[in-house]
Structures are given as structure tokens and as C-alpha cells.
Amino acid sequence: GKMAEDIDEMEKMLNDYLQYAKSQIEEKSVNFDLTETIISLLKKHDPSKYEFYSSKNIQFNGRKNLIKRCILNILENGLVYGNKIFVEVKKSVNSLIVIVEDNGPGIPKSEYINVFRPFYRVDKSRGLNKSGVGLGLSVAQDIAKSHGGNISLSESKHKGLLVKISLP
């Protein structure tokens, strides 16, 4: 029943989290192309579900699998709430910026701080959905911070949520 499903879901999330925590300790920093990495993540989705904008070859030095995980969580979060995401990578003077916007219903500003808490759900009636959004943003924020960056939220011009990852 519902209870068993919830327990399975929690177990899956915890296993995911433990695996993530372990890789956080073990992974070494490397130089890699952030643009390519994001394209490879997006390619797993139907092309009608996303638009991607980037200047070519944005290099980043960091733990590649963790950064992939961080970005993937945010892409998936966008696709849970919206049916299309708009992704942009750009370089500013002293950081790299990845922006993911969706055309979903958005999140009330008062919830922005809460969505980074593990297992938090904005809309309790959504229950535990398959995507494991419950840990997604909290892990993503963790990864960004461990690289000296951060993630911030604002309203998207596409009416949904705008998630901005800044990496030094």
C-alpha cells in the first residue's frame, strides 16, 4: 500500500544520498567542459522539452560527477514542475552561471528557503513523487557550496521557477 511505497521511496532517496556522500569524499577535481556536460544531460530528454543556450566551451575545474548530479537534479526538478525548461550557461567576470527556468506554476517566494531542506515538499498533496525532488535541491545546493558556489531562486520570465547556479 501507500505506506510501503513511501518507505521504498525513502529508502531509495537515502541510498542515493549515501552514495552521493561517499562520492563527495572520493572524487577528485578535474578540468572539464561544462557546456558539453549539460548537453549530455539534456540529450536524455525529448528535444521538445528543453531549449539550451550557451557560449562555446566553458571550462570548469571541479568534481565532475558531483557537478553533473547538481545540474541533473535541477533539470529534473524543472521538468517535474513544468513541461519545458530553458537552460543557459554563461561566464561572468568571476563565475560561471547555469540558469534553469521552467514554465511550471512556480513556487511562492515564502517557500524559497524551504525547498533546499531535505525531503521538503512545497505542495504536500503531491506526495512523494517518483523524481525524488525531496532531496534534489538540497543535494544540489550542497554540491554547489562544496565548490564555493551557491544556488539561488527567483521567478522565471516563463512564469515558473528560475534556478541559478553560480560556480567560482
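Above this note sits the structure.
Residues numbered from 1 in each chain as written. Predicted model: local features only at pLDDT ≥ 70, side-chain atom pairs only at ≥ 80, totals over all residues. Heavy atoms only, no water.

Overview of the packing of helix H2 (residues 34-42) against helix H3 (residues 64-81)
In step 1: Relative orientation of the contacting elements H2 and H3 amounts to 50°, with a least axis distance of 10 Å. What the angle tells us is that H2 and H3 run oblique. In this structure, the crossing between H2 and H3 has a hand that is right-handed. Here Leu34, Thr37, Ile38, Leu41 and Leu42 of H2 lie close against H3, whose contacting residues are Lys64, Ile67, Lys68, Ile71, Leu72 and Leu75.
In step 2: Here the residues of the contact of H2 with H3 are counted per class, giving eight nonpolar, one polar and two charged. (Axes fitted to C-alpha atoms, helices over the stretch in contact; angles between N-to-C directions. Helix = DSSP H or I, 4+ residues; strand = E, 2+ residues; numbered from the N terminus. Parallel < 35°, antiparallel > 145°, perpendicular 65-115°, else oblique. Left-handed = near helix turned anticlockwise from the far one by under 90°. Contact = heavy atoms within 4.5 Å. Nonpolar A, V, L, I, M, F, W, Y, C, P; charged D, E, K, R; others polar.)

Structural notes on the side chain of Thr37
In step 1: Tracing the backbone through its elements, the reader meets Thr37 in helix H2.
In step 2: For Thr37, a relative accessible area of 4% gives the class buried. (Buried < 20%, exposed > 50% of the residue type's maximum accessible area, 1.4 Å probe, protein only.)

Let's talk about the pattern of salt bridges
In step 1: Under the counting rule described, the total for this entry stands at three salt bridges.
In step 2: The residue Lys84 makes a salt bridge to Glu51 at a minimum N-O spacing of 3.0 Å. Linking Lys84 in the loop between H3 and strand S4 (85-91) with Glu51 in strand S2 (residues 50-54), this pair joins segments that are 33 residues apart in sequence.
In step 3: For Lys84, a relative accessible area of 21% corresponds to the partly exposed category.
In step 4: Given a relative accessible area of 29%, Glu51 falls into the partly exposed group.
In step 5: As a salt-bridge pair, Lys109 and Glu155 come within 3.3 Å of each other at their nearest N and O atoms. Here the residue Lys109 occupies a position in the loop between strand S5 (96-102) and helix H4 (133-146), and Glu155 occupies one in strand S6 (residues 150-155), the gap between them amounting to 46 residues. Accessibility classification places Lys109 together with Glu155 in one group, the exposed group. (Salt bridge = Lys/Arg side-chain N within 4 Å of Asp/Glu carboxyl O.)

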